[in-house]
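Report on the structure
Given next are the chains, with one letter for each unit.
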Amino acid sequence: MPTLPWTTPNPAPPHAPAYVMASRFEVRSLKDVPRFFVKSLAAWRQVTSAPGAYGASLVAQPLKRTFYTLSAWQDREALYTYARTEPHRGIMKDLRATMRGSTFTFWEATAEDLPLAWDDARRRLAEQAARDGDGGGARGATAGD
């Protein structure tokens with residue numbers, strides 16, 4: 001399972017609040033995996049220089065056709081600005097047709113909680129999927145849409 005470990009583009013000030021997003025994406029078929037992975041790397045490069053990005057990680061499970069992201073931001077607006085900015089905006093529009101489903105969840109944390117734990121993020125994603133009523137394949141809007 002390829003993982004891009006937690007990276008910290010902009011260290012959070014001590015005791016600062018952080019706006020957190022976790023996502024789960026599942027593509028329709030194995031033939032969609034390479035394209036999704038390459039595009040996700042472009043979005044990853046964008047995160048590493050995004051204003052207000054406190055940290056991010058990506059987990060790819062190519063044989064399961066599933067990708068997870070976990071990120072922390074200065075605030076909601078910093079996340080939404082990133083999502084609306086190229087290349088992320090175009091990538092998400094371009095990949096919509098290949099998506100089987102997606103789940104997003106958001107919560108508040110503090111600088112002391114960083115880096116974020118994947119087990120907590122996966123638990124929160126599972127809870128969100130249950131609320132969405134689909135067990136993980138919810139069609140949700142991307143941040144900033």
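Attention in this report is confined to the structure presented alongside it. Bear in mind the structure is a predicted one, so any value in this text is a computation, not a measurement. (Residues numbered from 1 in each chain as written. Predicted model: local features only at pLDDT ≥ 70, side-chain atom pairs only at ≥ 80, totals over all residues. Heavy atoms only, no water.)

Thoughts on the overall build of the chain
The following threshold applies: Per the convention used, a helix needs a DSSP run of H or I reaching at least four residues, while a strand needs a run of E reaching at least two, with both numbered from the N terminus. Using C-alpha atoms as the atom set, the radius of gyration is obtained and then compared with a globule rule of 2.2 Å times the number of residues to the power 0.38. Partly exposed describes any residue whose relative accessible area lies between the buried limit of under 20% and the exposed limit of over 50%, with all areas from a 1.4 Å probe on protein chains only and scaled to the type maximum. We call two residues in contact when some of their heavy atoms are within 4.5 Å. With residues, only the protein chains shown are counted as cover, and all accessible areas are computed by Shrake-Rupley using a 1.4 Å probe. In summary, the charge assignment counts Lys and Arg as positive and Asp and Glu as negative, without counting His or the chain termini. Just so you know, the charge point we use is NZ for Lys, CZ for Arg, CG for Asp and CD for Glu.
Helices and strands together make up the secondary structure of the chain, namely four helices and five strands. Traced from its N-terminal end to its C-terminal end, the chain shows the element sequence β-β-α-β-β-α-α-β-α. Here the C-alpha radius of gyration of the chain, 14 Å, is about what a compact globule of 145 residues would show, namely 15 Å. With respect to the principal axes defined by its C-alpha atoms, the chain has extents near 45 × 30 × 30 Å. Looking at the chain as a whole, 47% of its 145 residues qualify as buried. Within the chain, contacts between residues separated by at least 24 positions form 81% of all contacts whose residues are at least 6 apart in sequence. Total accessible area computed for the chain in this model is approximately 7300 Å², and 56% of it derives from carbon and sulfur atoms. For the chain, the distance from the average position of its 19 positive side-chain charges to the average position of its 15 negative side-chain charges is 9 Å.

Examining the packing of aromatic side chains
We apply this condition: The criterion for an aromatic pair is that two Phe, Tyr or Trp rings (for Trp, the six-membered ring) have centres within 6.5 Å, with stacked assigned to planes under 30 degrees apart, edge-to-face to planes over 60 apart and tilted to the rest.
Applying the stated criterion to the full structure yields seven aromatic pairs. Grouping aromatic residues by their ring pairs yields a cluster made of F25, F36, F37, F67 and F104.

A short note on the pattern of salt bridges
Keep this limit in mind: For this analysis, a salt bridge means a side-chain nitrogen from Lys or Arg found within 4 Å of a carboxyl oxygen belonging to Asp or Glu.
Under the counting rule described, the total for this entry stands at nine salt bridges. With a shortest N-O distance of 3.5 Å, E26 and R24 are connected by a salt bridge. A salt bridge links R84 to E77; the nearest nitrogen and oxygen atoms lie 2.7 Å apart. Classification of R84 by relative accessible area gives partly exposed; the value is 36%. Through salt bridges that share partners, R24, E26, R65 and R100 make up one connected network.

Some remarks on the nonpolar core
Keep this limit in mind: Residue types Ala, Val, Leu, Ile, Met, Phe, Trp, Tyr and Cys, when buried and joined through side-chain atoms within 4.5 Å, form a set referred to as a nonpolar core.
In this structure, F36, W73, L79 and Y82 are the most contacted members of the largest nonpolar core, which totals 25 residues. Mapped by element, the contributors of at least two residues to this core are β2 (17-27), α1 (33-47), β3 (53-61), β4 (66-73), α2 (76-84), α3 (88-95) and β5 (99-110). Dropping the residues within four chain positions of it, W73 is found in contact with P17, A18, Y19, A50, P51, G52, A53, Y54, A78, L79 and Y82. With 16 residues, the next largest nonpolar core counts V20, Y54, Y68 and A72 among its residues.

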